[in-house]
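Chain residues, written in single-letter form:
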Amino acid sequence: MNRAYALNRDKLKCRVCGGWLIASTPWAHRVNPYLPLNQVNRVNNLVSLHKKCFYAVNNLDQDISEFDVKAQKKIKSLREKLVFSHTRNK
Ligand SMILES: [Zn+2]
């Protein structure tokens, strides 16, 4: 239910590029996947994105120059909010 609620809150538009999510299956991005289970799926922690935009947020090495400037800013701000596990630090 929370996932559906987050999508409804976002009015079925991608939070990164602003495109409609109707044509493709939206991905519920977890801003912080390491929260306790009872918090991780809270609406404040979920952002609906295209699969493509989801990967752009989560792959820090990905070149995002193909996105427009506005979308690039959103990607960067979502990346800043990401919380990584210690195992990802090389
Ligand atoms: Zn998108």
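Residues numbered from 1 in each chain as written. Predicted model: local features only at pLDDT ≥ 70, side-chain atom pairs only at ≥ 80, totals over all residues.

Colleague: Is there a simple way to explain the environment of Gln62 in this structure?
Modeller: With respect to the helices and strands, the residue Gln62 is situated in the loop between helix H3 (51-58) and helix H4 (69-81). For Gln62, a count of 14 C-beta atoms within 10 Å puts it in the partly exposed group. When neighbours within four sequence positions are excluded, Gln62 is seen to be in contact with Tyr55 and Ala56. (Helix = DSSP H or I, 4+ residues; strand = E, 2+ residues; numbered from the N terminus. Buried ≥ 20, exposed ≤ 12 C-beta atoms within 10 Å, placed from the backbone. Contact = placed C-beta atoms within 7 Å.)

Colleague: Before we go on, may I ask you to explain the environment of Lys74 in this structure?
Modeller: Within the fold, Lys74 resides in helix H4. Take Lys74: there are 22 C-beta atoms within 10 Å of it, and that puts it in the buried class. On a C-alpha basis, the gap between Lys74 and Cys53 in space is 10.0 Å, while along the polypeptide they are 21 residues apart. Setting aside its immediate chain neighbours within four residues, Lys74 contacts Arg15 and Val16.

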